[in-house]
Amino acid sequence: MDDRKKKNEEAEERSFHLVKSAFSQYAPHAAAVFDRAQPRYDGLPEKFRALLPDLDDHFLSLHGCAAANGEFFLTLSEAAPHDIFLNQEVVAGTAEKTNPTESDIRSVLRHLVRDWSAEGAS
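Residues numbered from 1 in each chain as written. Predicted model: local features only at pLDDT ≥ 70, side-chain atom pairs only at ≥ 80, totals over all residues. Heavy atoms only, no water.

**Notes on the overall build of the protein**
This is how the line gets drawn: The helix count covers DSSP runs of H or I at least four residues long, the strand count covers runs of E at least two residues long, and both are numbered beginning at the N terminus. Accessibility here uses a 1.4 Å probe with only protein chains present; expressed as a share of the type maximum, an area under 20% marks a residue as buried, one over 50% as exposed, and anything in between as partly exposed. Note on contacts: a residue pair is in contact if any heavy atoms of the two residues lie within 4.5 Å. What sets the accessible areas is the Shrake-Rupley method with a 1.4 Å probe; for residues, cover comes only from the shown protein chains.
Along the protein, the regular secondary structure elements total six helices and two strands. Taken from the N to the C terminus, the helices and strands of the protein come in the order α-α-α-α-β-β-α-α. Within the span of the protein, comprising 122 residues, buried residues form 18% of the whole. Here the analysis covers contacts within the protein between residues at least 6 apart in sequence; of these, 72% occur between residues at least 24 apart. Taken as a whole, the protein presents about 8900 Å² of accessible surface, with 60% of it coming from carbon and sulfur.

Here is the structure:
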């Protein structure tokens, strides 16, 4: 293995661990966001809170969704093969991608959601 390829694979290994770390922080981060929003809602005058009568239940629902999504992300990252983001041999040569960007991660998540949704099942 040449030095450049080895460095690329090491960079992808670091990126993989950064992505796993980000996934592990999803649920606590989302819960903190909701916890910061709740007091702002509670501080509104009653006439404004009356315009959003179901928001308290919605906050509870959001916490449940964040916890479920956090479990999904953890399960996904734990089940991922160790070399999921490492360079793989391609017909025309070697993949050059070394650092997944936020858009790369969003794209992967979009594909997962599409493939696992009712739309993807049909």
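So, next bit.
**Describing the packing of aromatic side chains**
Remark: the centre distance and the inter-plane angle together describe each pair of aromatic rings, the angle taken between the planes. Heads up, the rule is: By convention, a stacked pair of Phe, Tyr or Trp rings (six-membered ring in the case of Trp) has centres within 6.5 Å and planes under 30 degrees apart, an edge-to-face pair has planes over 60 apart, and any other such pair is tilted.
One pass over the full model with this rule turns up four aromatic pairs. Relative to F73, the ring of F72 has its centre 5.7 Å away and its plane inclined at 55 degrees; by these criteria the two rings are tilted. Exposure remark for F72: the relative accessible area of 29% places this residue in the partly exposed category. Chaining the aromatic ring pairs together yields one cluster made of F23, Y26, F72 and F73.

**Looking at helix α2 (residues 26-42)**
Residue pairs spaced three or four apart in an α-helix point in one direction, given the helix's 3.6 residues per turn. Quick reminder of the rule: Expected helix span is computed as 1.5 Å times (number of residues minus one). Within this analysis, the arc is defined by the directions that extend from the helix axis to the C-beta atoms.
With 17 residues, α2 extends 25 Å from end C-alpha to end C-alpha; this agrees with the ideal 24 Å at 1.5 Å per step. By the burial criterion, the buried members of α2 are A30, F34 and Y41. Seen end-on, α2 carries its buried residues on one side only, within an arc spanning 35 degrees. Residues of α2 that are exposed and angled more than 90 degrees away from the buried face: H29 and R40. The secondary structure elements touched by the buried residues of α2 are α3 (46-49) and α4 (55-79).

**Points about a negative patch on the surface**
Applied cut-off: Patches here are clusters of residues that have more than 30% relative accessible area and form no salt bridge, with a 9 Å joining cutoff for like charges and a 5 Å cutoff for nonpolar side chains (Val, Leu, Ile, Met, Phe, Trp, Tyr). Salt bridge, as used here: a side-chain nitrogen of Lys or Arg that lies within 4 Å of a carboxyl oxygen of Asp or Glu. Working convention for charge: Lys and Arg count positive, Asp and Glu count negative, and His plus the chain ends are omitted. For this purpose, a charge sits on NZ of Lys, CZ of Arg, CG of Asp or CD of Glu.
Taken together, the side chains of D42, D54, D56 and D57 define an acidic patch exposed on the protein surface. Mapped onto the elements, D42 comes out in helix α2.

**Here we look at the pattern of salt bridges**
If you walk through the whole model with that rule in mind, you get two salt bridges. Among the salt bridges present, the one from D3 reaches K7, with a minimum N-O distance of 3.4 Å. Of this pair, D3 and K7 both sit in helix α1 (residues 3-24), four residues apart, which is roughly one turn of that helix. For R49, the salt bridge is made with E46, and the minimal N-O distance between the two is 2.5 Å. Remark: E46 and R49 occur in helix α3; sequence separation between them is three residues, near one turn of the helix.

**So, the confidence of the model for the protein**
Caution applies to low-pLDDT regions: their predicted coordinates should not be interpreted in detail. What counts, and what does not: Within a predicted model, pLDDT stands for the predictor's per-residue confidence, ranging from 0 to 100.
Per-residue confidence for the protein gives a mean pLDDT of 77; residues scoring 70 or more make up 79%. Mean pLDDT per element in the protein: strand β1 (residues 89-90) is the minimum at 45, and α3 is the maximum at 92. Under a pLDDT of 50 for its full length, residues 89-95 has, in the predicted model, eight contacts with residues more than four places off or in other chains.

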